Amino acid sequence: EVVQPMIPVLFKADATNFTSFGIGALAETISCEVTEERNGIYELIMKYPVTGSLYKEIKTERLVKAKPNDTADDQAFRIYRVSTPLDGVVSIFAQHISYDLLGVAALQWQSQSISPTLAMERVFDNTATPHNFTCETDYSEAKAFAVDRPKSVRACLGGSAGSFLDLWGGEYEWDNFHVIHHQGRGQSTGVVIEYGKNLTELEHNNDNSGVYTEMLPYAV
């Protein structure tokens, strides 16, 4: 976890350009922590006072721009949960905007031999709905690849049998709307980071992480 000494910026849900100050800077932010695991979670947790000037603007689906570490560019995180106030402070939970790829369906196709670059481009191009994401990979070895049934683009990237990680391995870098598939990212320093959350309070939360908005039937 990294606590960043910076001011997060709030954007509308449909924002695609994060060079401006969007809805506004969350100057009263108490803390902003970003956690990224190798090919794993990439999340932001903020604490913000109810007396803050933009408190009423903080809603699920909206985006928060924040600096995830000392070297990376600012990244966008989509709010999926806002806690009820506790001692005048709310906790805001957001996932990296690349999680939007969970809601983009990749359509079926297969190839007996295809380069990872062409395969990844085809996955990103052959979707049920339009999106703003682009991709690239360091790998070159051709292999058989298939989207055997409609699934999310993110599932094609990793986390399922026959995914890019399953076939080629590697590590992902998530740079806002750009996905980079590296053979190796960073360096091993021998440091192990463990991440966990403990339930310390019983709260009512505004959480939309389990909501489904579309259904994609298909035939075999």
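Above this text you will find the structure in question.
Now for a quick tour of the structure.

Each value, and the rule that gives it
- Residues numbered from 1 in each chain as written.
- Predicted model: local features only at pLDDT ≥ 70, side-chain atom pairs only at ≥ 80, totals over all residues.
- Heavy atoms only, no water.
- Helix = DSSP H or I, 4+ residues; strand = E, 2+ residues; numbered from the N terminus.
- Contact = heavy atoms within 4.5 Å.
- Salt bridge = Lys/Arg side-chain N within 4 Å of Asp/Glu carboxyl O.
- Buried < 20%, exposed > 50% of the residue type's maximum accessible area, 1.4 Å probe, protein only.
- Phe/Tyr/Trp six-rings, centres within 6.5 Å; stacked < 30°, edge-to-face > 60°.
- Lys NZ or Arg CZ within 6 Å of the ring centre and 35° of its normal.
- Core = buried A, V, L, I, M, F, W, Y, C linked by side-chain atoms within 4.5 Å.
- Arc of directions from axis to C-beta.
- Polar contact = N/O pair within 3.5 Å; in protein donor to acceptor, adjacent residues only side chain to side chain.
- Pairing = 2+ DSSP bridges.
- Axes fitted to C-alpha atoms, helices over the stretch in contact; angles between N-to-C directions.

1. Let's talk about the environment of M120
(1) Moving on: Structurally, M120 can be placed in helix α1 (residues 116-125).
(2) Moving on: For the pair formed by M120 and V153, sequence separation is 33 residues and the distance between their alpha carbons is 9.5 Å.
(3) Moving on: Sequence-distant contacts of M120, defined by excluding residues within four places in its chain, comprise C135, E136, T137, L157, F164, Y172 and H181.

2. A look at the pattern of salt bridges
(1) Moving on: In this structure the tally under the stated criterion is five salt bridges.
(2) Moving on: Ionic pairing is found between R38 and E171, a salt bridge with its closest N-O pair at 3.4 Å. Placement of R38 in the loop between β4 (31-36) and β5 (42-49) and of E171 in strand β14 (residues 171-175) is noted, with a sequence separation of 133 residues between them.
(3) Moving on: Since its relative accessible area comes to 60%, R38 is described here as exposed.
(4) Moving on: On the accessibility criterion, E171 (15% relative accessible area) is buried.

3. Looking at the packing of aromatic side chains
(1) Moving on: Counted under the stated rule, the structure contains ten aromatic pairs.
(2) Moving on: For the ring pair F133 and F177, a centre distance of 5.0 Å and an interplane angle of 65° mean the geometry is edge-to-face. With F133 in the loop between α1 and β11 (134-137) and F177 in the loop between β14 and β15 (178-182), this pair connects stretches of sequence that are 44 residues apart. Neither residue differs from the other here; F133 and F177 are each classed as buried.
(3) Moving on: Among the aromatic residues, ring-to-ring pairing joins F11, F18, F133 and F177 into one connected group.
(4) Moving on: The ring of Y99 has R154 sitting right over it, with the charged end atom 4.2 Å from the ring centre.
(5) Moving on: Cation over ring: R154 sits above W174, and NZ or CZ is 4.2 Å from the ring centre.

4. Structural notes on the nonpolar core
(1) Moving on: Membership of the largest hydrophobic core comes to 49 residues, with the highest contact counts inside it found for L44, V123, F124, F145, L157 and F164.
(2) Moving on: Setting aside residues up to four positions removed in sequence, L157 forms contacts with L101, M120, F124, S163, F164, L165, Y172, W174 and V179.

5. Observations regarding α1
(1) Moving on: Turning to α1, its buried residues are P116, A119, M120, V123 and F124. All buried residues of α1 project into a common sector of 130° when viewed along the axis, lining one side.

6. Here we look at the environment of T19
(1) Moving on: Here T19 is to be found in the loop between β2 (9-11) and β3 (24-25).
(2) Moving on: Classification of T19 as exposed rests on a relative accessible area of 70%.
(3) Moving on: Each C-alpha atom, one on T19 and one on D74, is 9.4 Å from the other, the two residues being 55 residues apart in sequence.
(4) Moving on: Polar contacts involving the side chain of T19 include one to the side chain of N17, which spans 2.6 Å.

7. As for the sheet that holds β15
(1) Moving on: Spatial strand order, β11-β15-β14: three strands in an open sheet with mixed pairing. Each of the sheet's edge strands pairs with one partner strand only, and the pair in question is β11 and β14. Averaged over all pairs of adjacent strands, the angle between strand axes in this sheet comes to 15°, irrespective of strand direction.
(2) Moving on: As judged from the five bridges shared by β14 and β15, these two strands associate in the antiparallel manner. For D175, the partnering residue across the bridge sits in β15 and is H178.

Keep in mind these values describe shape, not function.
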